[in-house]
Structures are given as structure tokens and as C-alpha cells.
Amino acid sequence: MSSLAIINCSQLVTLAGPQRPRVGEELRELSIIENGAMLLREGRIEKVGKRETIEPLLTADCEVVDAANRIVLPGFVDAHTHPVFAGNRANEFELRASGATYEQIALAGGGIRSTVRNTRAASEDELVVSGKRYAEWFLRCGTTTVEAKSGYGLTVEDELKMLRAIRRLNDETPLSYVPTFLGAHVVPEEFKGNSSGYVDLIVEEMLPRVATENLAEFCDVFCEVGAFTVEESRRILIAAKQLGLKLRVHADQLSLGGGSALAAELGATTADHLEQADQSAIRNLQSAMVQPVLLPCSVLMIGSQKYANARAMIEAGLAVIIATDFNPGSSPVVSMLLALTLASTQMKMTPAEAISAATVNAAYSLGRGNEIGSLEPGKRADVVIHDCGDYRELAYFAGLEHPHAVFVNGKNAFSR
Ligand code: NIG
Ligand code: FE
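Residues numbered from 1 in each chain as written. Chains lettered and ligands numbered in written order. Predicted model: local features only at pLDDT ≥ 70, side-chain atom pairs only at ≥ 80, totals over all residues. Heavy atoms only, no water.

1. Remarks on the overall build of the protein chain
Link 1 in the chain: Along the backbone of the protein chain there are 16 helices and 15 strands.
Link 2 in the chain: For the protein chain, the spread of C-alpha atoms along the principal axes amounts to about 70 × 45 × 45 Å.
Link 3 in the chain: Total accessible area computed for the protein chain in this model is approximately 15,400 Å², and 51% of it derives from carbon and sulfur atoms.
Link 4 in the chain: For the protein chain, the distance from the average site of its 39 positive side-chain charges to the average site of its 51 negative ones is 1 Å. (Helix = DSSP H or I, 4+ residues; strand = E, 2+ residues; numbered from the N terminus. Areas by Shrake-Rupley, 256 points an atom, 1.4 Å probe, with all protein chains shown as cover. Lys, Arg positive; Asp, Glu negative; His and termini not counted. Charge placed at Lys NZ, Arg CZ, Asp CG, Glu CD.)

2. Concerning the site of ligand 1
Link 1 in the chain: In the neighbourhood of ligand 1, 15 residues make up the surrounding shell, with R89, Y102, Y152, Q253 and S330 lying closest.
Link 2 in the chain: Take D325: an N or O atom from its side chain is 2.9 Å from an oxygen atom of ligand 1.
Link 3 in the chain: Burial of ligand 1 by the protein chains amounts to 100% of its free accessible area of 320 Å².
Link 4 in the chain: Of the residues in the shell around ligand 1, the class split is 4 nonpolar, 9 polar and 2 charged. (Near = heavy atom within 4 Å. Polar contact = N/O pair within 3.5 Å; in protein donor to acceptor, adjacent residues only side chain to side chain. Nonpolar A, V, L, I, M, F, W, Y, C, P; charged D, E, K, R; others polar.)

3. Here we look at the coordination of the iron ion (ligand 2)
Link 1 in the chain: Taken together, H80 (NE2), H82 (NE2), H250 (NE2) and D325 (OD) make up the full set of protein donors to the iron ion (ligand 2), lying 2.1 to 2.4 Å away.
Link 2 in the chain: Of note, the iron ion (ligand 2) draws all its donor residues from one chain, in the sequence arrangement H-x1-H-x167-H-x74-D. On the criterion of sequence distance, the pair formed by H80 in strand β5 (residues 76–81) and H250 in strand β9 (residues 246–251) is long-range, its members being 170 residues apart. Just as H80 is buried, H250 falls in that class too. (Donors = N, O, S within 2.8 Å, 3.2 Å for Na, K, Ca; no water. Buried < 20%, exposed > 50% of the residue type's maximum accessible area, 1.4 Å probe, protein only.)

4. Examining the pattern of salt bridges
Link 1 in the chain: Tallied over the full model, the rule gives 28 salt bridges.
Link 2 in the chain: A salt bridge links E371 to R44; its shortest N-O distance comes to 3.0 Å. Taken together, the positions of E371 in the loop between α15 (360–365) and β13 (383–386) and R44 in strand β3 (residues 44–50) put the pair 327 residues apart, joining distant regions of the chain.
Link 3 in the chain: Given a relative accessible area of 30%, R44 falls into the partly exposed group.
Link 4 in the chain: With its nearest N and O atoms 3.1 Å apart, the salt bridge here joins R117 to E189. Taken together, the positions of R117 in helix α4 (residues 112–121) and E189 in the loop between β7 (176–184) and α7 (195–212) put the pair 72 residues apart, joining distant regions of the chain.
Link 5 in the chain: Look at E189 and you get partly exposed, because its relative accessible area is 43%.
Link 6 in the chain: Where salt bridges share partners, they join E124, D125, K132, R168 and E172 into one cluster. (Salt bridge = Lys/Arg side-chain N within 4 Å of Asp/Glu carboxyl O.)

5. Details of the sheet that holds strand β11 (residues 291–294)
Link 1 in the chain: A sheet is described by the order of its strands in space; here 8 strands give the open sequence β5-β6-β7-β8-β9-β10-β11-β12, paired in parallel fashion. With one partner strand each, in any of the chains shown, β5 and β12 (321–322) form the two edges of the open sheet.
Link 2 in the chain: In this sheet, β12 lies alongside β11 in parallel orientation, the contact comprising 2 bridges. Each bridged residue has a counterpart across the sheet, and for L294 the counterpart in β12 is I322. (Pairing = 2+ DSSP bridges.)

6. Here's the deal with the packing of aromatic side chains
Two aromatic rings are characterised by how far apart their centres lie and by the angle between their planes.
Link 1 in the chain: Under the criterion given, the structure shown has 9 aromatic pairs.
Link 2 in the chain: Judged by centre distance (5.0 Å) and plane angle (70 degrees), the ring pair of Y134 and W137 falls under edge-to-face. Of this pair, Y134 and W137 are both found in helix α5 (residues 124–140), 3 residues apart, which corresponds to roughly one turn of the helix.
Link 3 in the chain: A relative accessible area of 8% places Y134 in the buried class. (Phe/Tyr/Trp six-rings, centres within 6.5 Å; stacked < 30°, edge-to-face > 60°.)

7. Examining the sheet that holds strand β1 (residues 3–13)
What links the strands of a sheet is backbone hydrogen bonding, and the strands pair in either a parallel or an antiparallel sense.
Link 1 in the chain: Ordered by their spatial adjacency, 7 strands build an open sheet running β3-β2-β1-β4-β13-β14-β15, and the pairing between neighbours is mixed. A strand with exactly one partner marks an edge of an open sheet, and here the two such strands are β3 and β15 (411–415). Strand after strand, the sheet turns through a mean of 35 degrees between neighbouring axes, direction not considered.
Link 2 in the chain: Taken together, the 4 bridges between strand β4 (residues 63–74) and β13 define a ladder with antiparallel strand orientation. When the bridges of β13 are listed, V72 appears paired with I385. (Axes fitted to C-alpha atoms, helices over the stretch in contact; angles between N-to-C directions.)

The analysis is restricted to geometry; functional conclusions fall outside its scope.
Printed below as a string of C-alpha cells:
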């Protein structure tokens, strides 16, 4: 049963290559098959090739999708999102338009803490309902897997509630979620002036529950002035590692504060944001081959001008990733296409480099490099037909939702 052929692809952008994250010149190699076709069976990719080599293999029971000279890519893998929250912060967007900064709003009790108040008041069911709406947005922008963080609960029960909502979204929508525990997002109001008490709660109660209930694969910490110090972050991340969680770190976003060095010291999988990272921070990442996750949509949306130094990171041989940082505050953006546009215009990554960063490299950072991120036989059939004739048009015709059809596990999850 269930075999599907996609034929007549102007470019089949396979990203086939070494079975590891791509660095340096490799980022520019997309392994494109012109006039390509592919065969999917039982939710897996069976074969990719030139049209002439695939078409003779089509059997009578095979459903055929004519891409009509459009391009075909793997689904985007968004390696940094906060997609479960209640309410939104359009009010703060307006305040920023009137001159307030992201940091000022947070200091005045808004920002992350405002979403925490709303999320605590919401039930798991309510979080799943709003989460499903965002899942649809991701899919129609061509994203098929997201990394998903908790971090708006900040009590034992509210963090578990968020992670359970993420698990349900993974089960009940076509989008795949990779869960990350971010109990260390900010120090909640009730622990004001007692951050060490809150770190105790994370280490002694939250992390053990998260691990026992198998609710997260990664642990993340917001290492920043006004959030968690390097020492506090270290304590949390070491405890997480001992429980078998892998590590991601929000590092050097608003200030340069040792987050990159900490990520390297602990062998974190990724260090994320890095807008303020300098050459020495980059050398630290390089020393432990930490993957940088660059989040240009949050720079755009908080109205900053300072993007991460992607070129220096690529020159240092790092396996860069581009992600959206979707969240209600700094980045109400689900579109990896917008992230690609900003990667090219603001960070001077070529369209090919940005696509590698948004697919195969992201997949490896989530421990799923053998499953997703490229169109190669044996991998999951997460495939997107975009309404463009050339892959460079994805980011160039900016602000459009290009996907014409999205397949997850070989099944149609969205079509225009
Ligand atoms: O990645 N930096 C910390 N956390 C988020 C922002 C979350 C929020 O503003 O609600 C980020 O930018
Ligand atoms: Fe984030």
C-alpha cells in the first residue's frame, strides 16, 4: 500500500551528502537533481533520481503527484522554538513601536513573565488547542519538525503541563516535536531575590520529574543578565546532563556573558542566538564543535540591528543552523522562509548555505540526522513542493508562503 511518486521537479534539492552536519564549503552543496523525481513508500523515501530513472518504476497502485516544474525540498527543521504559550504580546509589539526596548518591557514586569502568568492560568487542553493553530502555521510554511521548549510555566506542575502539551501536539498533529525542558527561562516572580531557591527547585524537583516521565530530550537555559548567571546555568546543565538530557543554551543574545564558553565546557549540542558572540566566543564553540543556532527573526522583531556573525562562524568551520525562535515575545514568526531571507540579506549567507542550515544541520542537532533533513533513500518522507522554479527564489521572493504541498511521512499534510 501507500506508494507515492512526485515527478516533474524542476529541481529536486536533496541535500544528499556526508552523514553528518555540513561545514565550510559543504554548506553550499545542495546535491540538486534537475528534472528530478522521487518515489515514496510506506512513509519513507525509496528512491530519488532523474525523471527517466524513476518513471519506469511506477506501479499501477502508485499515486502520482505532478510537481509541474516546481522545486522540491526536505521539510524545514526548525531547531529552536517556543510554540506552547497562552495569550500573546501584541501589546508589547506596539510598545516597542513606540520606542520601548525588549529589555525595558521585561524589567517592568512584561516580557517572558507576562506570558508565564497567562500560561499558568491555562489548562493543558487550552495549550494544545492554541498549539494546534501554530502547528498548522508551521506546516503551511514548509516546516515539518520543530524543537519545542517549555519555559512559560516555571512551577513543577506548569512545566510538566507544557511538556505534556508538547507530547500531545506531537501525537495529534502532523508536525514532529522534539521536546526541550527550559525551566530556567527566567526567575519567576515568587522567587524574586532568591534565584538560588529557584535553581534548587529546578535541580531537585523539576529535572528529576522531567527525566522520570521522559518528557524532554534536551535541557536549555537562558544564560543572560536578568535571567540566569553562568554559575547558575552550569549547575542546572550539569544536573540535566547527569540525568541523560542533552544540552542547548541561550547564549550571548543581549549581552556577551560567557554562555558560549559554558556551552563548550559542558559539550552542549547547540549554543543559540549568539548575536553578541565575538571571535573568542566563536573559538570556544569551535573547540567543542558546538553547533550555533542563529535566530535572525528575533533580531528583526525586537528591532535590533545586530545579527550574529554567521560568516565568522562558517569560516571557523562551525555547522551553523538557522531557526525561527518562534515565541510570543521576541519572535512571533513561524516562517523559516523569512529566516532564510534574513540569513541572506542580513548575515550574508548564500541561499544554499542558509538552506543547509535550515534542514540537514538542524536535523543533526536534534539527534535526527538519520531520519530527516535530506531527501535520501531510507529517510522519512517529509517533503515539500514549493511554488518556485529555482531554490534561490525561496528567500528572494520574500514574505510569501511558497509551499504548494507538504508531505509528512509520505502523507499530505497541507496543500494550497
Ligand atoms: O529566545 N531569549 C529568551 N527566550 C526567548 C524569548 C521569549 C519571550 O520573549 O517570550 C528568545 O528570544
Ligand atoms: Fe529562544
